[in-house]
Amino acid sequence: MDLNLTLFGQMITFALFVWFTKRFVWPVLIKAINDREAKIADGLAAAERGHHELDLSQERAKELLRDAKAKAIDVVDQAHKQATHILEEARSDARALAERMVATAEEEIVQAKHAAKMALQKELGVMVVKGAERILKQNISGAINDRLISDLIAEVGVSE
Amino acid sequence: MSSEALDSTQYVHHHLTNLPWTHSFLQQKLGSFGVVNLDTLIVSFILGSGVLLLFYCLARRATSGVPSKLQNFVEILFEFIQRQVKETFQGSNPLIAPLALTIFVWILLMNLMDLIPIDLFPMLLSKTGVPYFRMVPTTDLNATFAMSLSVFILIIYYSVKEKGLWGFTKELFMHPFPYIWFAPINLPLSIVHELAKPVSLALRLFGNLFSGEVIFILIALFPIWWLQWVLGFPWAIFHILIILIQAFIFTILTIVYLSLAHESH
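What comes next is a walk through the structure.

How each quantity is defined
Residues numbered from 1 in each chain as written. Chains lettered and ligands numbered in written order. Predicted model: local features only at pLDDT ≥ 70, side-chain atom pairs only at ≥ 80, totals over all residues. Heavy atoms only, no water. Helix = DSSP H or I, 4+ residues; strand = E, 2+ residues; numbered from the N terminus. Buried < 20%, exposed > 50% of the residue type's maximum accessible area, 1.4 Å probe, protein only. Contact = heavy atoms within 4.5 Å. Rg over C-alpha atoms; globule rule 2.2 N^0.38 Å. Lys, Arg positive; Asp, Glu negative; His and termini not counted. Charge placed at Lys NZ, Arg CZ, Asp CG, Glu CD. Buried area = accessible area lost by both parts, 1.4 Å probe. Salt bridge = Lys/Arg side-chain N within 4 Å of Asp/Glu carboxyl O. Polar contact = N/O pair within 3.5 Å; in protein donor to acceptor, adjacent residues only side chain to side chain. Expected span 1.5 Å × (residues − 1). Bend = angle between axes of the 7 residues up to and from the residue. Patch = residues over 30% accessible without salt bridge, like charges linked within 9 Å, V, L, I, M, F, W, Y side chains within 5 Å. Areas by Shrake-Rupley, 256 points an atom, 1.4 Å probe, with all protein chains shown as cover. Core = buried A, V, L, I, M, F, W, Y, C linked by side-chain atoms within 4.5 Å. Phe/Tyr/Trp six-rings, centres within 6.5 Å; stacked < 30°, edge-to-face > 60°.

**A look at the overall build of chain B**
Thought 1: The helix and strand tally for chain B stands at nine helices and two strands.
Thought 2: For chain B, the N- to C-terminal ordering of α and β elements is α-β-α-β-α-α-α-α-α-α-α.
Thought 3: Its C-alpha atoms give chain B principal-axis dimensions of about 65 × 55 × 40 Å.
Thought 4: Looking at chain B residue by residue over its 265 residues, the buried ones come to 46%.
Thought 5: Considering only contacts in chain B between residues 6 or more positions apart, those separated by 24 or more positions represent 70%.

What follows is the structure, given as structure tokens:
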């Protein structure tokens, strides 16, 4: 019950224990605890960052999709316009070509008609002269005959 | 109880006597102070070194990854101590936390010996010729005073170290009344104030555990056998609380006293 030398023995033991704890036990385990805490904090931060990045990239994907849609619509529009344009051009080209062909054909027709008329006039003149020659050989003199023919030719030329 | 019939006074006395060891030289020089309580020394050393070795092994295998269950448990204890120190102790002193941990674990284990049936070890050891054996070191004033005096030495050391010899002396003379002509009153008050710290620390722990043990002894004296459980069981449960609280109080007060030693008034 009384205080005795045990006191000093216990104090020495106590001092040894405290020294041992301070030297070998406390720092090591506390370091492990702190390291783990840091690790967990890092992990949580990384997870948070991941979430944030996911949100951002989703947003970006949506934006890209929206852009792509708009672009596609543009392209289709452009194509439509171009197609219309090409069609229009082809149509007008064709029309112009047709008109030109018609005009050429008409020209040719007119020329052919003219040529035919000339040939016919010439032939008619010869035939008339021949006919008149035949009639005059029988009854009219040479002078009257010539006058008649030239009259006839003039008449044909006028009526042309 | 030993084989010969003991009356209750002898039984109580037997349980409250430490296992003495002394040398004639020590006895001559120091009288009754020259005795060493072997049981206190042995039990407290086994408990303390056992738990510290366990901690040491854990520390060597400690990982900052996923901890084992045991490491986890010990870490909870460490973090508990660290939290107490952080909340109370403002300065930075690498000794405080290990000191608090040692005190808490050691006292807790020494107190826990109170829950071992009081006759078990004395009876087993009496068979090998050991006449007396007290299992609970904290029911020995030497054990409690050893810790509180060590803490007291640290209090004085850090007071002088932090405030300087002059600052500490000034505090003794100028406290609690901050006037120089109160010095004759202040000095005895301050000395009592400082001395009350180790004395109250040691006596509080000793008183609680000693009275607890005495009640266990008294319960053991009841002649009706079933009373052992009717009385002993609730008291043991209640005592678990006391064991924890006393270990906690000693630890917290140590931190508080050392924190006071670090800050000037």
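After that view of the structure, there is still more to cover.
**A closer look at the overall build of chain A**
Thought 1: The secondary structure content of chain A amounts to two helices and zero strands.
Thought 2: Taken over C-alpha atoms, the radius of gyration comes to 62 Å for chain A, far larger than the 15 Å a tight globule of 160 residues would show.
Thought 3: Principal-axis analysis of the C-alpha atoms places the extent of chain A at approximately 200 × 20 × 15 Å.
Thought 4: Seen as two clouds, the 22 positive and the 25 negative side-chain charges of chain A have centres 5 Å apart.

**Structural notes on the interface of chain B and chain A**
Thought 1: Contacts between chain B and chain A engage 53 residues on the former and 30 residues on the latter.
Thought 2: A combined buried area of about 3800 Å² lies between chain B and chain A, and 75% of that area is made up of carbon and sulfur atoms.
Thought 3: The largest share of the area that chain B buries against chain A comes from Phe33, Ser64 and Asn142 of chain B, three residues that together contribute 16% of it.
Thought 4: At the junction of chain B and chain A, the tally comes to one salt bridge.
Thought 5: For Arg36 of chain A, the salt bridge identified is with Glu75 of chain B, shortest N-O distance 2.6 Å.
Thought 6: Inspection of the region where chain B meets chain A yields twelve residue pairs in polar contact (both at pLDDT 80 or more).

**Notes on helix H8 (residues 183-221) of chain B**
Thought 1: Look at H8 of chain B: 54 Å from first C-alpha to last across 39 residues, which is about the 57 Å you get at 1.5 Å a residue.
Thought 2: The largest bend in H8 of chain B amounts to roughly 30° and is located at Ala196 of chain B, with the proline Pro198 of chain B lying one to four residues further along.

**A few points about the side chain of Thr138 of chain B**
All names here are of chain B.
Thought 1: Here Thr138 is to be found in the loop between helix H6 (120-127) and helix H7 (141-174).
Thought 2: Look at Thr138 and you get buried, because its relative accessible area is 0%.
Thought 3: In this structure Thr138 touches Met110, Asn111, Thr144, Leu205, Phe206 and Leu209, once residues within four positions along its chain are discounted.

**Quick notes on a nonpolar patch on the surface**
Residues and elements named next belong to chain B.
Thought 1: On the surface, Phe222, Ile224, Trp225, Trp226, Trp229, Val230 and Leu231 cluster together into a nonpolar patch covering about 770 Å² of accessible area.
Thought 2: Tracing the backbone through its elements, the reader meets Ile224 in the loop between H8 and helix H9 (227-262).
Thought 3: Residue Ile224 is classed as partly exposed on the basis of its relative accessible area of 39%.

**Quick word on the nonpolar core**
Thought 1: In terms of nonpolar packing, the biggest core is built from 56 residues, with Phe55, Phe78, Val85, Leu101, Met147 and Phe250 of chain B touching the most fellow members.
Thought 2: Elements with a contribution of two residues or more to this core: helix H1 (6-139) of chain A together with helix H3 (38-60), helix H4 (69-88), helix H5 (96-112), H7, H8 and H9 of chain B.
Thought 3: Broken down by element, the residue count for this core peaks at twelve residues, all from H5 of chain B.
Thought 4: Those residues in contact with Phe78 of chain B that lie beyond four places of it in its chain are Val25, Trp26, Leu29, Ile30 and Ile33 of chain A together with Phe55 and Leu101 of chain B.
Thought 5: By size, the runner-up hydrophobic cluster in this structure holds 17 residues, among which are Met11 of chain A together with Leu16, Phe206 and Phe210 of chain B.

**Overview of unusual backbone geometry**
Thought 1: Cis geometry marks the peptide bond from His175 of chain B to Pro176 of chain B; its omega dihedral reads 5°.
Thought 2: The residue Pro176 of chain B is located in the loop between H7 and H8 in this model.

**Looking at the packing of aromatic side chains**
Thought 1: Per the stated rule, a full pass over the model turns up 20 aromatic pairs over all chains.
Thought 2: When the centroid spacing of 5.8 Å and the interplanar angle of 5° are considered together, the rings of Phe14 of chain A and Trp106 of chain B count as stacked. Residue Phe14 of chain A is located in helix H1, and its partner Trp106 of chain B is located in helix H5; the two belong to separate chains.
Thought 3: For Phe14 of chain A, a relative accessible area of 2% corresponds to the buried category.

**Some remarks on the environment of Asp151 of chain A**
Thought 1: Here Asp151 of chain A lies in helix H2 (residues 142-159).
Thought 2: Distance from Asp151 of chain A to Ala68 of chain A, taken between C-alpha atoms, is 90 Å for residues 83 residues apart in sequence.

**Describing the pattern of salt bridges**
Residue and element names in this part refer to chain B.
Thought 1: Applying the stated criterion to the full structure yields five salt bridges over all chains.
Thought 2: Measuring nitrogen to oxygen at the nearest pair gives 3.5 Å for the salt bridge that ties Glu213 to Arg134. Highlighted residues: Glu213 in helix H8 and Arg134 in the loop between H6 and H7, separated in sequence by 79 residues. For the pair shown, Glu213 and Arg134 are each scored as buried.
Thought 3: Put simply, Lys197 and Glu194 hold a salt bridge, and the shortest N to O gap is 3.5 Å. Within this pair, Lys197 and its partner Glu194 are both found in helix H8, separated by three residues, close to a single helical turn.

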